[in-house]
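Structural overview for review
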Amino acid sequence: MKENTIPQSRNDVSDRPPDGVADRIAQRALARRGAHYAGEVRALLDAAREVMRRCGTGSRPRVADIVTAAGLSNEAFYRHFRSKDALVAAIMEDGAGQLCGYLTHQMAKEPTPEGKVRRWVEGVLAQAMDEDTAATTLAVMWNAQSVGEGFLAGQPTIAGLLADLLRAPYAELGSADAELDASLAAHATVGKLADHLWRRVPPTGADVDHVTRFCLRTVTPQGGDE
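1. Focus: the overall build of the protein chain
Regarding its fold elements, the protein chain presents 10 helices and zero strands. Taken from the N to the C terminus, the helices and strands of the protein chain come in the order α-α-α-α-α-α-α-α-α-α. Expressed as a percentage of its 226 residues, the buried residues of the protein chain come to 38%. Taking contacts inside the protein chain between residues at least 6 apart in sequence as the whole, the part at least 24 apart equals 67%. Surface summary for the protein chain: the accessible area is close to 13100 Å², and the carbon and sulfur share equals 52%.

Structural data, given as structure tokens:
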């Protein structure tokens with residue numbers, strides 16, 4: 001006797017093999033959404049940085065100010081950031097990444113470890129040389145104090161990220177502890193940068209020379225003047 005069977009519903013896809021066309025279309029839709037969201041985040045980061053620059057160290061911008069400048073909604077903001085502090089932390093990370101990329105490019109132009117250290121110092125202190133860049137950096141640093149992500153605090157610190165770039169040239173210079181020496185030099189240099197930003201006095205060539213000699217003396221007793 002033939003066993004009764006229940007016909008499978010045409011909507012039942014549990015045993016259906018993968019559909020290449022459907023998968024490709026779905027992946028394209030996800031990619032478009034991802035690109036759209038990435039654009040929203042970039043707009044919020046850039047807008048927040050500009051609003052902070054305009055506010056300076058006198059007031060902290062509101063979320064409403066930031067989304068208005070970005071041309072987005074509160075819904076878009078909270079889709080990506082749980083709070084304004086989270087946005088400020090992201091701005092610090094974004095800025096540190098851009099600075100590290102710039103420093104890496106500049107240091108690669110030098111064949112000697114001494115030259116790499118000088119390029120690093122020049123690049124860090126350059127954040128206080130241009131008026132607009134200095135104003136933006138100071139404003140972001142000031143806002144970051146409330147979330148423990150400032151230049152001299154937070155995990156990881158900006159100085160800590162920048163110190164990573166000094167480890168290789170310090171090791172080449174013969175440092176017995178390149179990681180520690182790089183960390184000390186980075187914190188001292190970033191502290192000097194903060195002084196220039198707060199005093200609103202750009203560093204001079206002599207300042208760059210002095211800080212470079214200091215950084216080199218941490219691993220070479222005679223200083224290693226170029």
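There is more to say after this.
2. Observations concerning the confidence of the model for the protein chain
On average, residues of the protein chain score 85 in pLDDT, and 84% of them reach the 70 mark or higher. When pLDDT is averaged over each element of the protein chain, helix 5 (residues 113-125) comes out on top at 97 and helix 1 (residues 20-55) at the bottom at 86. For the stretch residues 149-155, pLDDT sits under 50, and the model shows 21 contacts to residues farther than four places along the chain or on other chains.

3. A short note on the packing of helix 1 against helix 4 (residues 84-107)
When two helices pack together, their arrangement is given by the angle between the helix axes and the distance between those axes. The contact between helix 1 and helix 4 brings their axes to 10 Å, and the two run at 95 degrees. Here helix 4 runs roughly perpendicular to helix 1, going by the angle between their axes. Where helix 1 approaches helix 4, its residues R42, L44, L45, A48, R49 and M52 are matched on the opposing element by L87, V88, A90, I91, D94, G95 and Q98. Each residue belonging to the contact of helix 1 with helix 4 can be placed in one class, and the counts come to eight nonpolar, two polar and three charged.

4. Some points on the nonpolar core
Counting residues in hydrophobic clusters, the biggest one holds 55 residues, and the most contacted among them are W120, L162 and Y170. Mapped onto this core, the elements with two or more residues apiece are helix 1, helix 2 (63-70), helix 4, helix 5, helix 6 (131-144), helix 7 (158-163), helix 9 (178-199) and helix 10 (205-217). When residues of this core are assigned to their parent elements, the largest contribution, 11 residues, is made by helix 4. Residues within four places of Y170 in sequence aside, it is in contact with V117, S175, A178, D181, A182, A185, C215, L216, T218 and V219.

5. What about helix 1?
The terminal C-alpha atoms of helix 1, which comprises 36 residues, lie 52 Å apart, in line with the 52 Å expected from a rise of 1.5 Å per residue. Those residues of helix 1 hidden inside the fold are in contact with helix 2, helix 3 (74-80), helix 4 and helix 6. Looking one or two residues past helix 1, G56 carries a phi angle of roughly 65 degrees, positive in sign.

6. Details of helix 6
An ideal rise of 1.5 Å per residue puts 20 Å on 14 residues; helix 6 measures up with 20 Å between its terminal C-alpha atoms. Along helix 6, 10 of the 14 residues are buried, which leaves the element largely enclosed by surrounding structure. A134, T136, T137, L138, A139, V140, M141, W142, N143 and A144 are the residues of helix 6 that are buried. Residues of helix 6 that are buried in the fold lie against helix 1, helix 4 and helix 9. One side-chain oxygen at the N-terminal end of helix 6 lies 3.2 Å from the backbone nitrogen of D132; it belongs to D130.

7. Side note on the packing of helix 4 against helix 5
Packing of helix 4 against helix 5 brings their axes to within 9 Å, and their N-to-C directions diverge by 145 degrees. As for how helix 4 packs across helix 5, the hand of that crossing is right-handed. Residue-level inspection shows L99, Y102, L103, Q106 and M107 of helix 4 in contact with helix 5, the latter providing K116, R119, W120, G123 and V124. Considering only residue class, the contact of helix 4 with helix 5 consists of six nonpolar, two polar and two charged.

Parameters at a glance
- Residues numbered from 1 in each chain as written.
- Predicted model: local features only at pLDDT ≥ 70, side-chain atom pairs only at ≥ 80, totals over all residues.
- Heavy atoms only, no water.
- Helix = DSSP H or I, 4+ residues; strand = E, 2+ residues; numbered from the N terminus.
- Buried < 20%, exposed > 50% of the residue type's maximum accessible area, 1.4 Å probe, protein only.
- Contact = heavy atoms within 4.5 Å.
- Areas by Shrake-Rupley, 256 points an atom, 1.4 Å probe, with all protein chains shown as cover.
- pLDDT = per-residue confidence, 0-100.
- Axes fitted to C-alpha atoms, helices over the stretch in contact; angles between N-to-C directions.
- Parallel < 35°, antiparallel > 145°, perpendicular 65-115°, else oblique.
- Nonpolar A, V, L, I, M, F, W, Y, C, P; charged D, E, K, R; others polar.
- Core = buried A, V, L, I, M, F, W, Y, C linked by side-chain atoms within 4.5 Å.
- Expected span 1.5 Å × (residues − 1).
- Polar contact = N/O pair within 3.5 Å; in protein donor to acceptor, adjacent residues only side chain to side chain.
- Left-handed = near helix turned anticlockwise from the far one by under 90°.

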